[in-house]
Amino acid sequence: MLDFFAIFSKGGIVLWCFQGAGVAESFAAPVNVLIRSVILQERSGNNSFNHNSLTLKYKLDNEFELVFVVGFQKILMLTYVDKLIDDIQLHFRDRYKNELEQKGAIKYLVNDFEFGDDFDQLLREAEESSRLKDPVVMRTFTQSLKSQKTVKSMIETKGGDKGKEQGGKKNKNAKKEAEEVAGAAQSKSPPTSKKVVVNGNQDLTKEELIQRNREEMFRKMAKSGTATRSPKPQKEKEKEKEEKKKAAKAKRVWDNCGTNLKELDYSDKVNGSQDAGLAREHAEPEMHLESMAGDLRDVDYESSEPEDEEEEEEEEEEVERVVVTEASKTGAKRGGLGGMFGMFKGLVGSKSLTQEDMEPVLDKMRDHLIAKNVAADIASRLCDSVAKKLEGKVMGTFTTVASTVKQALQDSLVQILQPKRRVDILRDVMEARSQRKPFVITFCGVNGVGKSTNLAKISYWLIENGFSVLIAACDTFRAGAVEQLRTHQRRLSMLHPSDQHGGRPSVQLFEKGYGKDAAGIAMEAIAYARNQVFDVVLVDTAGRMQDNAPLMTALAKLIAVNTPDLVLFVGEALVGNEAVDQLVKFNQALADHSMSDRPRLIDGIVLTKFDTIDDKVGAAISMTYITGQPIVFVGTGQTYNDLRSLNARAVVSALMKA
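Parameters at a glance
- Residues numbered from 1 in each chain as written.
- Predicted model: local features only at pLDDT ≥ 70, side-chain atom pairs only at ≥ 80, totals over all residues.
- Heavy atoms only, no water.
- Helix = DSSP H or I, 4+ residues; strand = E, 2+ residues; numbered from the N terminus.
- Buried < 20%, exposed > 50% of the residue type's maximum accessible area, 1.4 Å probe, protein only.
- Contact = heavy atoms within 4.5 Å.
- Areas by Shrake-Rupley, 256 points an atom, 1.4 Å probe, with all protein chains shown as cover.
- Expected span 1.5 Å × (residues − 1).
- Arc of directions from axis to C-beta.
- Patch = residues over 30% accessible without salt bridge, like charges linked within 9 Å, V, L, I, M, F, W, Y side chains within 5 Å.
- Salt bridge = Lys/Arg side-chain N within 4 Å of Asp/Glu carboxyl O.
- Lys, Arg positive; Asp, Glu negative; His and termini not counted.
- Charge placed at Lys NZ, Arg CZ, Asp CG, Glu CD.
- Axes fitted to C-alpha atoms, helices over the stretch in contact; angles between N-to-C directions.
- Parallel < 35°, antiparallel > 145°, perpendicular 65-115°, else oblique.
- Left-handed = near helix turned anticlockwise from the far one by under 90°.
- Nonpolar A, V, L, I, M, F, W, Y, C, P; charged D, E, K, R; others polar.
- Core = buried A, V, L, I, M, F, W, Y, C linked by side-chain atoms within 4.5 Å.
- Domains from an automatic or database assignment.
- UniProt positions renumbered as here; feature names shortened; annotations may be inferred.
- Pairing = 2+ DSSP bridges.

Focus: the overall build of the protein
At step 1: Looking only at helices and strands, one finds 24 helices and 13 strands in the protein.
At step 2: Counting the 658 residues in the protein, one finds 39% classified as buried.
At step 3: Residue pairs at least 24 apart in sequence account for 72% of intrachain contacts in the protein once pairs closer than 6 positions are excluded.
At step 4: Accessible area of the protein: about 39800 Å², with a carbon and sulfur share of 51%.

Written as structure tokens, this is what we have:
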């Protein structure tokens, strides 16, 4: 039933393994995928992982730095696997405790772990326990809660004040009975002159009680002076209106704008639309931009709110104090000395961490991540992964639980933001140039995130590094999209005239207007770039929501037909939970509408509007965690040189600040 079971150290040394009968493939390939995709990427919150036709379940032993992995076919529903892996972990630890305490690769290689007989026995016990479980029998009606309810309990009585049944309908029989009882009471009741008991007033009738309440009300009104006020005269109202008009806000007059209409009229000074365009072009202030040759600078983080480290340390100590106080209370029950030594042990270390110790700290960390714009689901997964990573681990001397958990979470966040593969666009463009073909980058994303603006920034960066750029205007839906790219192309040409590039234009726009097929325009642009020897083709696509099926199909067609070298998703840093939905559905649409067995998905992320979020940088974590792809560019402003690369440690330090 099982394909394999492996026990290995976190250093990669296999201590013992089992392979099922008839299994020809080695277990090394799926285990290596598990290590690369889950354990190293800090995604160990869930103990199950699917690879091709196999399901892998694993458990981490943090005290001895071991990993237990079992693999079986995905179509099998083996209910005893969780129990088996727990039993094997405990049995293996107990049997080889002395050997495992002698840590080191050489010690593992020298020792011989004969665990075959024990494994067979534990496997048989686990299989028998799953067979011996009684089948779940459906409860009879008499055993259900509904059978214990009577008709009387379903009817709301006078205490409910509504006289309705459970379904909301009135009980007609109860209503008739109430009317009959009321009629009988009226026939037996004496005349109204008889005094009745109302609110504890046994000596007053209803009429006398009402009269007394009126007198009390008038007496209170006279004392408090709550007499009705006379309306304001008409003259006072008019005066108030005039004062409001006088106090109206005055119009603002800007210093740099003219007041004379003749000064602002340029129609007579330049003849012709082309000359007017040139005049406006020369009227623009000269742009002074820094050189961007070479690799991009790392993004700098500056918080508008200064960090108060003392408050943060006090909060950590407070959480730690809660944990230690609970430990001391449990220890005090055993004895005074035991409670004192237990508290001291919790403070100074040499203690194995448990889920109960970490729970208050992890709850606080989860809330902190959500407040910093990390998606709620991602924050929960990260905290679960940290808990599994630390559970059973022995703390160092004089270290607190809060500091240990925070450091582990910080390391996990840095690991997530560091890419599995390095995206070096300059190197890839030079390699494509040596093969005499253009390097194609496609930009996609939802509406209004800044695709065209950041495309222009990347164009400026590539031109600064000596490459020629062709911009393909494949946004044939949004009005003004082509004109926006034409404006960027004109301004970039002013910054880098053709004289500086041997008479060739440094940047050129390829457009076919509106309403055309975007995939066809991209194909023509790539062919034009190949003929005219352009180094890079930047394909601008229309913004689309992730739920728009026709536009998502068109995007998948564009990518499948033209096979770009890089597909970049442009997302803004302001989003929280929405980032997860966008990336998941974009990747799902590209996979569903692809025509190949290995669909082309998102290769990287462009994070825009990073200068508007202060220290709420959680969107970077959410996007990289979902896709597993790196953040290639970070947009930090409105000018062409406001483009940076991601600094993982700077982002994590901003994320962890209180």
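Section: helix α20 (residues 518-532)
At step 1: With 15 residues, α20 ought to run about 21 Å at 1.5 Å a step, and its terminal C-alpha atoms sit 21 Å apart, in line with that.
At step 2: Regarding α20, the residues found buried are Ala518, Ala519, Ile521, Ala522, Ala525, Ile526 and Ala529. For α20, the angular spread of buried residues about the axis comes to 160°, placing them on one side.
At step 3: Residues of α20 that are buried sit in contact with β6 (439-445), β7 (469-474), β8 (507-510), β9 (536-541) and α21 (549-562).

Here's the deal with a nonpolar patch on the surface
At step 1: A contiguous nonpolar surface patch, about 300 Å² in accessible area, is contributed by Met217, Phe218 and Met221.
At step 2: Within the fold, Phe218 resides in helix α8 (residues 206-224).
At step 3: A residue is classified by how much of its surface remains accessible, and Phe218, at 52% relative accessible area, is exposed.

Comments concerning a negative patch on the surface
At step 1: Residues Asp112, Glu114, Asp117 and Asp120 make up a contiguous surface patch of negative charge.
At step 2: Following the sequence through the fold, Asp117 ends up in helix α5 (residues 116-132).
At step 3: By relative accessible area, Asp117 is classed as exposed at 65%.

Thoughts on the packing of helix α15 (residues 376-390) against helix α16 (residues 401-417)
At step 1: Where α15 contacts α16, the two axes come as close as 10 Å, and the packing angle between them is 120°. What the angle tells us is that α15 and α16 run oblique. Relative to α16, α15 is oriented so that their crossing is right-handed. In this structure, α15 uses Leu382, Val386, Lys389 and Leu390 to contact α16, whose residues at the interface are Thr404, Val405, Ala408, Leu409, Ser412, Leu413 and Ile416.
At step 2: Class assignment of the residues belonging to the contact of α15 with α16 gives a composition of 8 nonpolar, 2 polar and 1 charged.

Things to note about the pattern of salt bridges
At step 1: Evaluated as defined, the whole model comprises 19 salt bridges.
At step 2: Lys57 is the salt-bridge partner of Asp82, the closest N and O atoms lying 3.3 Å from each other. Of this pair, Asp82 sits in helix α2 (residues 81-95) while Lys57 sits in strand β4 (residues 54-61), placing them 25 residues apart in sequence.
At step 3: By relative accessible area, Asp82 is classed as partly exposed at 34%.
At step 4: Judged by relative accessible area, which is 18%, Lys57 ranks as buried.
At step 5: Linking Lys557 and Asp517 is a salt bridge whose minimum nitrogen-to-oxygen distance equals 3.3 Å. Taken together, the residues span a long stretch of sequence, with Lys557 in helix α21 and Asp517 in the loop between β8 and α20 at a distance of 40 residues.
At step 6: The class of Asp517 is partly exposed, set by a relative accessible area of 41%.

Brief notes about the nonpolar core
At step 1: In this structure, Leu382, Leu413, Ile425, Trp461, Leu462, Phe610 and Phe633 are the most contacted members of the largest nonpolar core, which totals 115 residues.
At step 2: Looking at which domains feed residues into this core, each of domain 2 (352-417) and domain 3 (425-647) supplies at least three.
At step 3: Residue contacts for Leu462: discarding those within four places in its chain leaves Ile425, Leu426, Phe467, Val469, Val536 and Leu538.
At step 4: Judged by nonpolar contacts, the second largest core, of 26 residues, contains Leu15, Ile88, Leu100 and Phe113.

Here's the deal with the side chain of Ser468
At step 1: Its location among the elements puts Ser468 in the loop between α18 (451-464) and β7.
At step 2: Residue Ser468 is classed as buried on the basis of its relative accessible area of 10%.
At step 3: Once you skip the residues sitting within four places of it in the chain, Ser468 turns out to touch Arg504, Ser506, Val533, Phe534, Asp535 and Val536.

Points about the UniProt feature "domain: SRP54-type proteins GTP-binding" (unreviewed entry) in the protein
At step 1: UniProt marks residues 630-643 with the feature "domain: SRP54-type proteins GTP-binding" (unreviewed entry), using the numbering shown here.
At step 2: Counting secondary structure, residues 630-643 comes out at 0% helix and 43% strand; the distance between its end C-alpha atoms is 16 Å.

Details of the sheet that holds strand β10 (residues 566-572)
Strand pairing in a sheet relies on backbone hydrogen bonds, with the paired strands running either antiparallel or parallel.
At step 1: With mixed pairing, 8 strands are arranged side by side in an open sheet as β8-β7-β9-β6-β10-β11-β12-β13. Both edges of this open sheet fall to β8 and β13 (643-644), since each of them pairs with a single strand only.
At step 2: Where β6 lies against β10, 5 bridges are found, and the strand directions are parallel. Across the sheet, residue Phe443 finds its bridge partner in β10, namely Leu568.
At step 3: Each of β6, β9, β10 and β12 (631-635) is contacted by helix α17 (residues 425-434), which is oriented at about 135° to β6, the strand it contacts most.

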